[in-house]
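What the coordinates show
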Amino acid sequence: MELLYSLILIFIGLAGGIAVGSGFVAFITVLDIVPRLVQMTKAHRFIRGCEYSIVLGVLFFTWIDFRGWEMGFPDWATIPLGLTMGIFVGLLAAALTEVINVLPILAKRLRMQEHLLYLLMAMALGKVAGSIYQWMVFRVW
Amino acid sequence: MKPILYLRLKKKVQAQPGQLLRIKDICRLAGGAVCEEIKEIPVYAASLNHGNYTVIDSLDILGLISEQAPSLDVRNVGPTQTIIEVHPPAKEPRIILVLLVWMILFVGSGLAIMNFHVDVSMQEVHQRIYYLVTGRHVHQPLILQIPYSIGIGTGMILFFNHLFKRRFNEEPSPMELEMFLYQETIDQYVINDEKQKVERDSHGTSV
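Quick caveat: nothing in here was measured; it's all calculated off a predicted structure.

**Focus: the nonpolar core**
- Counting residues in hydrophobic clusters, the biggest one holds 25 residues, and the most contacted among them are A:Ile33, A:Leu103, B:Leu105, B:Met156, B:Phe159 and B:Phe160.
- The set of elements that each furnish at least two residues to this core consists of α2 (33-41), α4 (78-100) and α6 (116-136) of chain A together with α4 (95-119) and α6 (142-160) of chain B.
- Among the elements that take part in this core, α6(A) stands out by supplying 6 residues, more than any other.
- Sequence-distant contacts of B:Leu105, that is, excluding residues within four places in its chain, are made with A:Leu103, A:Leu106, A:Leu119, A:Ala122 and A:Met123.
- In terms of nonpolar packing, the next biggest core, distinct from the first, is built from 22 residues, B:Val13, B:Leu21, B:Tyr44 and B:Ala46 among them.

**Digging into the sheet that holds strand β4 (residues 27-30) of chain B**
Residues and elements named next belong to chain B.
- Across the sheet, 3 strands lie side by side as β4-β1-β7; this open sheet has mixed pairing. The sheet is open, and its two edges are formed by β4 and β7 (73-76), each paired on a single side. On average, adjacent strands in this sheet sit at an angle of 25° to one another, irrespective of strand direction.
- Pairing geometry for strand β1 (residues 4-9) and β4, over 4 bridges, is antiparallel. If you follow Tyr6 over to β4, its bridge partner there is Ala30.
- Along the sheet face, helix α3 (residues 58-68) touches β1, β4 and β7 and points at about 150° away from the line of β1.

**Digging into the UniProt feature "transmembrane region" (unreviewed entry) in chain B**
Residues and elements named next belong to chain B.
- Look at the UniProt record and you will see "transmembrane region" (unreviewed entry) annotated at residues 95-118 and 138-160.
- Overall, residues 95-118 shows 100% helix and 0% strand. The separation of its end C-alpha atoms is 35 Å.
- Secondary structure content for residues 138-160 is 83% helix and 0% strand, and the end C-alpha separation is 35 Å.

**Re the pairing of strand β8 (residues 81-86) of chain B**
Residues and elements named next belong to chain B.
- Counting buried positions over the 6 residues of β8 gives 6, a clear majority of the element.
- Residues of β8 alternate between two faces, with Gln81, Ile83 and Glu85 on one and Thr82, Ile84 and Val86 on the opposite face, all of them buried.
- Here strand β2 (residues 12-15) runs beside β8; their pairing, made up of 4 bridges, is parallel. Directly across from Gln14, in β8, lies its bridge partner Glu85.
- Looking at chain direction, strand β6 (residues 53-57) and β8 are connected through 5 bridges and run antiparallel.

**As for the UniProt feature "transmembrane region" (unreviewed entry) in chain A**
Residue and element names in this part refer to chain A.
- Sites flagged by UniProt as "transmembrane region" (unreviewed entry) map to residues 6-34, 46-64, 76-96 and 116-136.
- Across residues 6-34 one finds 93% helix and 0% strand; the C-alpha atoms that close the span lie 38 Å apart.
- Helix makes up 100% of residues 116-136 and strand 0%, and the two end C-alpha atoms of the span are 30 Å apart.

**Topic: the interface of chain B and chain A**
- Counting residues at the interface gives 64 residues for chain B and 69 residues for chain A.
- Taking both partners together, chain B and chain A bury about 6500 Å²; carbon and sulfur atoms supply 73% of that area.
- The interface formed by chain B and chain A contains 2 salt bridges.
- Here A:Asp65 ties to B:Arg128 by a salt bridge, and the two come within 2.8 Å at their closest N and O atoms.
- For the pair chain B and chain A, the interface holds 16 residue pairs in polar contact (both at pLDDT 80 or more).
- Those elements giving two or more residues to the side of chain B that touches chain A turn out to be α4, α5 (122-134), α6 and α7 (174-206) of chain B.

**Some points on a nonpolar patch on the surface**
Residues and elements named next belong to chain A.
- Together, Met1, Leu4, Tyr5, Ile8, Leu9, Phe11 and Ile12 line one region of the surface with nonpolar side chains, adding up to about 810 Å² of accessible area.
- With respect to the helices and strands, the residue Phe11 is situated in helix α1 (residues 2-30).
- Phe11 sits in the exposed class, given a relative accessible area of 61%.

**So, the confidence of the model for chain A**
- Mean pLDDT over chain A stands at 84; residues scoring 70 or higher make up 98%.
- For chain A, helix α5 (residues 102-109) of chain A is the element with the lowest average pLDDT, namely 75, and α1(A) is the one with the highest, namely 88.

**Notes on the confidence of the model for chain B**
- Taken residue by residue, chain B gives an average pLDDT of 79. The fraction at 70 or more is 88%.
- The ipTM, which scores confidence in the relative placement of chains, is 0.75 for this predicted complex, and the corresponding pTM is 0.66.

**Focus: the environment of B:Leu62**
- Within the secondary structure, B:Leu62 is located in helix α3.
- Through-space distance from the C-alpha of B:Leu62 to that of B:Arg75 is 8.8 Å; in sequence the pair is 13 residues apart.

**With respect to α4(A)**
Residue and element names in this part refer to chain A.
- Between its terminal C-alpha atoms α4 stretches 33 Å, which fits the 33 Å expected from 23 residues at 1.5 Å a residue.
- Residues Thr78, Gly82, Gly86, Val89, Gly90, Leu91, Leu92, Ala93, Ala94, Ala95, Thr97 and Glu98 constitute the buried set of α4.
- Just downstream of α4, Asn101 is the residue with a positive phi angle, here 70°.

Calculation rules
- Residues numbered from 1 in each chain as written.
- Chains lettered and ligands numbered in written order.
- Predicted model: local features only at pLDDT ≥ 70, side-chain atom pairs only at ≥ 80, totals over all residues.
- Heavy atoms only, no water.
- Core = buried A, V, L, I, M, F, W, Y, C linked by side-chain atoms within 4.5 Å.
- Buried < 20%, exposed > 50% of the residue type's maximum accessible area, 1.4 Å probe, protein only.
- Helix = DSSP H or I, 4+ residues; strand = E, 2+ residues; numbered from the N terminus.
- Contact = heavy atoms within 4.5 Å.
- Pairing = 2+ DSSP bridges.
- Axes fitted to C-alpha atoms, helices over the stretch in contact; angles between N-to-C directions.
- UniProt positions renumbered as here; feature names shortened; annotations may be inferred.
- Buried area = accessible area lost by both parts, 1.4 Å probe.
- Salt bridge = Lys/Arg side-chain N within 4 Å of Asp/Glu carboxyl O.
- Polar contact = N/O pair within 3.5 Å; in protein donor to acceptor, adjacent residues only side chain to side chain.
- Patch = residues over 30% accessible without salt bridge, like charges linked within 9 Å, V, L, I, M, F, W, Y side chains within 5 Å.
- Areas by Shrake-Rupley, 256 points an atom, 1.4 Å probe, with all protein chains shown as cover.
- pLDDT = per-residue confidence, 0-100.
- Expected span 1.5 Å × (residues − 1).

Laid out in C-alpha cells, this is it:
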C-alpha cells in the first residue's frame, strides 16, 4: 500500500513538474527574451548555452528552495543577485508590454510618435520608482 | 521606337488640404526628356471632403499620361497604389498632453509592477532568497531589493534598446518595429477600404 501511495505521489510530482516546466519554457519563448538578448550580445553561436542556462537555473533554484540549502554568504553577495533578478524581471515586463501592443496605438492616436522615447522612459522609471516605494514604504502585509 | 518612361509610385504621400498634387509629387520618373512634360500633369487636388485618406491607383496615372502623350510607352515598376494622407495644418501635440500621458504611464507602470510583486509574493521570495544566501532571516532585505528595483529599469531599457537618447546599436528596437508594422497594417487596410468604396460608388451610379 505504502509503495502504491509513493508511486502515485511520484507520478503526480512528475506530471506537475512537466506541466509547469513546459509552461515556463513556452512563456519565455513567446516573449522572445532569449533572441533579444542574443541579438544584443551577438552571441548567436551560444543559443544552446542560453537554453541550458535557463534549464539549469530553474533546476538549481528549485532544488535549493526545496532543500532549504543555506549558503552562508555575506550580505553584499545578494547585491549582484538582486540586480540580475531585476534585469530579468524588467525584460519580462518590457516584453509583456510589447506583446500587448499598447504603446504604438496610444502614441499614434495621440500623435506622439516623436515622444515615444519619453513614454518608454516613463514606463521604465515608473517601474523602478514603484518597486522601490513598495519595498521601503508601502506595506500591506 | 517609342520612348520609354519608367515610373514608380510612392507608397505614401503627405499633403495639405488645397494642395494640387502633380505627377512629380506622386511618382518617381525615369526616361530622360519626356519626364519634363509629364511631371507637371495635375493628378489630385487634396481636400478633406472625402476623409483624410485617398488612394490613387497606377491605372489613373497611366490614363492621365497617355492622354497627354499617347505615343509614350509607360512602364510601372513598383507599388500599384499610392496612399495620399491629407493633414490639416500640422497640430503639434501640446506639451501638457504629453506630460499627462507621461504621468499616466509612470504611475500606471509603478502600480502594475507593485501588483505583480504582490501577485507572485515577491516579498516572501526575496526574504527566502536572502535567507538561503546569507542564512539569516530579515524582514526587509533592502540590500537585495534595491538593486533588484534598479535592475527592472535596466532590463526594460535593454529590451527596448535605448539608453534614453543613446542607443546601443543600429538595429531598430522592438517598439519601433511594432510601430512600423502597425503603420503598414493601417496602410494596407486603407488601400483595401478605399478600393471597395470606389467599387461601391461606381456600382451605385451605373445602376
